[in-house]
Amino acid sequence: MQGSSLPPGLCFLLCFFGAVTPKIKASCANCPPNASCVNNSHCTCNSGYVSGSGQKLFTFPLETCNLQKIVDTFESLLTNQTLWRTEGRQEISSTATTILWDVESKVLETALKAPEQKVQKIQNSSVGPSAVAFISYSSLGNIINATFFEETDEKERVFLNSQVVSAAIGPKRNVSLSKSVTLTFQHVKTNHSIKKVFCVYWETTKQGGLWSRDGCFLIHVNKSHTMCNCSHLSSFAVLMALTSQEEDPVLTIITYVGLSLSLLCLLVAALTFLLCKAIQNTSTSLHLQLSICLFLAHLLFLVGIDQTESKVLCAIIAGALHYLYLAAFTWMLLEGLHLFLTARNLTVVNYSSINRLMKWIMFPVGYGVPAVIVAISAASRPHLYGTANRCWLHLDQGFIWGFLGPVCAIFSVNLVLFILVFWILKRKLSSLNSEVSTIQNTRMLAFKATAQLFILGCTWCLGFLQVGPAARVMAYLFTIINSLQGFFIFLVYCLLSQQVQKQYQKWFREIVKSKSESEAYTLSSKMGPDSKPSEGDVFPGQVKRKY
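For clarity, every value in this text was computed on a predicted model and none was experimentally measured.

Caption draft 1: Structural context of the sheet that holds strand 12 (residues 216–221). Here three strands make up an open sheet; going across it, the order is 9-13-12 and the pairing antiparallel. Only two strands of the sheet have a single neighbouring strand rather than two, namely strand 9 (181–186) and strand 12. Going across the sheet, the axis of each strand differs from the next one's by a mean of 25°, ignoring polarity.

The structure is reproduced here in structure tokens:
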């Protein structure tokens, strides 16, 4: 505690039930606070104190001396589970208020009766002997928890994230301070994404007591500690709130329906790229790898994003999603690079140089670069994979930029490639003759370049724009477009491709023909080999004559 204006007097630091106190120097170097040395060989607790082990003489350096009467009374109340389970809210708050008041009074009373402890008392002729007590309760917060805090929104999940700490001055109580006091609390839990922090004190009311913020203000908070400033002394604690963002059921339906449709389209597209020999080339290989990565990422998202029960499993799922989505974006980058090289070499018939280059780099880059990024992220901060609500990357310590950084870089590069492609296409179109096939190929390349930028990059820009009054609209646009990426890929690279359309028609005719032959075989099987034809049956090559 810093910055307090306390009257000269006794400084008493109580060490029991988890209280954290600095070690006070005694006559023997190994004796704990509130103990003295006997015959320069053993330690014994001072009057009014009892050792934690119950021994009168001890030599163990980590032994503690606690206030016997207070410890016994407080322990009996705290361990009385029947009392806390059967009492109502008002009775619990009243009992807790009584405990806090009695403990502070007993501590100050015991401290003032120990004039021989020079460390604990500084005599002042004008004020008289005084005492300052600091008490930390390690388990009282489980009883007077955040349910006794009413100054919050119902949508916020509030929890107590520090020990309850009391500060009191004696012999007078509730002394008004000329300067406020600063208290630093250590967090009990550090793995939550905190939205709000409240510095509170236990206020006595007619109903018993409750947590209040009056006169207490937040100064600073980080992952492990919170600093509060209060204008009075009392029992203090830190409450923290996790703003529970209610899921929009419409967005949830759109996500699941869109991703299910996207999975179906990606599966059909991947089978098309794999089985349709007429379109198999370097470009098709890029489409195939992109479809596989997006298919696996969407599938894992649907079945694993909410599996937060097991921290290890959730971390594995988060790491796998990190890798799969980064791999998808890397293949998107290779798609853009291939488009640029194809446009630049549009007059080349066989594109042999482009194919050789892409075959050399696409697999090491497409799967190797994401693996390196995820490996570095996992090695540096493995505990930031998986959050309390989702199996995804934490926002703490900028860890999310292990995903957003590469995504922004890929989008920027794709945008530059897109501009260059259109600039090249413009030049090619102006110099082309009336050859129909070349014009059609160039226009189709321009269309694919436009669709490429929209599918691979612009959808994620909507995710970055989910702020301010338009956040809800952007959220809907992002969810709809991003969940339908598989459908867009199937539409652009399959349904709008003449070669794929011809292949689909060929497959459809083969399926119909196979079905017809199967039906004919089934009919002949039913007739059997020994069946005799009737008079009306006509065999191939036989002409039925009418007499």
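Picking up after the structure, the text goes on.
Caption draft 2: Highlighting the nonpolar core. Residues F273, L290, L294, W331 and F403 are the most contacted members of the largest nonpolar core, which totals 54 residues. With 16 residues, the single largest contributor to this core is helix 6 (residues 311–344). Setting aside its immediate chain neighbours within four residues, W331 contacts L286, Q289, L290, C293, M362, F363, G366 and Y367. Judged by nonpolar contacts, the second largest core, of 28 residues, contains I99, L100, I135 and A237.

Caption draft 3: Structural context of the pattern of salt bridges. Inspection of the entire model under this criterion finds one salt bridge. D306 is the salt-bridge partner of R390, the closest N and O atoms lying 3.2 Å from each other. In this pair, R390 sits in the loop between helix 7 (352–380) and helix 8 (401–431) while D306 sits in the loop between helix 5 (282–304) and helix 6, placing the two residues 84 residues apart along the sequence.

Caption draft 4: Spotlight on the side chain of S212. Mapped onto the fold, S212 is located in strand 11 (residues 210–212). Judged by its relative accessible area of 1%, S212 is buried. Apart from the residues lying within four places of it in its own chain, the contact partners of S212 are E151, C199, V200, Y201 and E203.

Caption draft 5: Quick peek at the UniProt feature "transmembrane region" (unreviewed entry) in the chain. The feature "transmembrane region" (unreviewed entry), as annotated in UniProt, sits at residues 253–274, 286–304, 310–334, 360–379, 399–425, 445–467 and 473–496 in this numbering. As a span, residues 253–274 carries 100% helix and 0% strand, and end to end its C-alpha atoms are 31 Å apart.

Caption draft 6: How the structure looks around the state of the cysteines. Under the definition given, this model contains four disulfides. The disulfide partner of C199 is C228, and the gap between their sulfur atoms is 2.0 Å. Sign of the S-S torsion, about -75° for the bond between C199 and C228, identifies this disulfide as left-handed. With C199 in strand 10 (residues 196–203) and C228 in strand 13 (residues 225–230), this pair connects stretches of sequence that are 29 residues apart. Considered together, C199 and C228 belong to a single accessibility category, that of buried residues. Its sulfur unpaired, C276 is 8.6 Å from the next cysteine sulfur, which belongs to C494. On the basis of relative accessible area, C494 is assigned to the buried category, the value being 0%.

Caption draft 7: Structural view of the pairing of strand 10. In terms of burial, strand 10 is largely enclosed, as six of its eight residues are buried. Where strand 10 and strand 11 come together, three bridges link them in antiparallel fashion. Bridged to Y201 within strand 11 is S212. Between the antiparallel neighbours strand 10 and strand 11 lie six residues, among them G208 with a positive phi of about 130°.

Caption draft 8: Inspection of a nonpolar patch on the surface at higher detail. A cluster of nonpolar side chains, L267, L271, L274 and L275, forms an exposed patch at the surface whose accessible area comes to about 370 Å². Look at L275 and you get exposed, because its relative accessible area is 52%.

Caption draft 9: Examining the packing of aromatic side chains more closely. In total, this model carries twelve aromatic pairs according to the counting rule given. On the basis of an interplanar angle of 90° and a centroid distance of 5.1 Å, the ring pair of Y385 and F399 is categorised as edge-to-face. Here the residue Y385 occupies a position in the loop between helix 7 and helix 8, and F399 occupies one in the loop between helix 7 and helix 8, the gap between them amounting to 14 residues. By relative accessible area, Y385 is classed as buried at 7%. Relative to W507, the ring of Y504 has its centre 6.0 Å away and its plane inclined at 45°; by these criteria the two rings are tilted. Here Y504 pairs with W507, and both are found in helix 12 (residues 498–527), just three residues apart, close to one helical turn. Residue class for Y504 comes out partly exposed when judged on its relative accessible area of 22%. Given a relative accessible area of 24%, W507 falls into the partly exposed group. Site record: aromatic cluster; members linked through ring pairs are Y325, F329, W392 and F403.

Caption draft 10: Looking closely at the packing of helix 4 (residues 249–275) against helix 5. The N-to-C vectors of helix 4 and helix 5 enclose an angle of 150°; their axes lie 9 Å apart at closest approach. Viewed along their axes, helix 4 and helix 5 adopt a mutual orientation that is roughly antiparallel. As helix 4 runs across helix 5, the sense of the crossing is left-handed. Counted together, T255, Y256, L259, S260, S262, L263, L266, L267, A269, A270, F273 and L274 of helix 4 and T284, H287, L288, S291, L294, F295, H298, L299, F301 and L302 of helix 5 form the full contact between these two elements. Residues that form the contact of helix 4 with helix 5 fall into these classes: 15 nonpolar, seven polar and no charged.

Caption draft 11: The pairing of strand 3 (residues 42–45), seen in detail. Alignment of strand 2 (residues 35–38) against strand 3, held across four bridges, turns out to be antiparallel. Bridge pairing in strand 3 places S36 opposite T44. Between the end of strand 2 and the start of strand 3, which pair antiparallel, lie three residues, with N39 showing a positive phi angle near 55°.

Caption draft 12: Expanded view of helix 4. For helix 4, spanning 27 residues, the distance from its first C-alpha to its last is 39 Å, which sits close to the expected 39 Å at 1.5 Å a residue. Restricting attention to buried positions, one finds in helix 4 the residues L251, T255, G258, L259, S262, L263, C265, L266, A269, A270, T272 and F273.

Caption draft 13: Spotlight on the packing of helix 5 against helix 6. Two numbers describe how helix 5 lies on helix 6: the axes approach to 9 Å, and their chain directions differ by 155°. The angle between helix 5 and helix 6 places the two elements in the roughly antiparallel class. Crossing of helix 5 over helix 6 shows left-handed handedness. In terms of residue class, the contact of helix 5 with helix 6 is made up of 18 nonpolar, seven polar and one charged.

About the thresholds
Residues numbered from 1 in each chain as written. Predicted model: local features only at pLDDT ≥ 70, side-chain atom pairs only at ≥ 80, totals over all residues. Heavy atoms only, no water. Pairing = 2+ DSSP bridges. Helix = DSSP H or I, 4+ residues; strand = E, 2+ residues; numbered from the N terminus. Axes fitted to C-alpha atoms, helices over the stretch in contact; angles between N-to-C directions. Core = buried A, V, L, I, M, F, W, Y, C linked by side-chain atoms within 4.5 Å. Buried < 20%, exposed > 50% of the residue type's maximum accessible area, 1.4 Å probe, protein only. Contact = heavy atoms within 4.5 Å. Salt bridge = Lys/Arg side-chain N within 4 Å of Asp/Glu carboxyl O. UniProt positions renumbered as here; feature names shortened; annotations may be inferred. Disulfide = S-S within 2.5 Å. Patch = residues over 30% accessible without salt bridge, like charges linked within 9 Å, V, L, I, M, F, W, Y side chains within 5 Å. Areas by Shrake-Rupley, 256 points an atom, 1.4 Å probe, with all protein chains shown as cover. Phe/Tyr/Trp six-rings, centres within 6.5 Å; stacked < 30°, edge-to-face > 60°. Parallel < 35°, antiparallel > 145°, perpendicular 65-115°, else oblique. Left-handed = near helix turned anticlockwise from the far one by under 90°. Nonpolar A, V, L, I, M, F, W, Y, C, P; charged D, E, K, R; others polar. Expected span 1.5 Å × (residues − 1).

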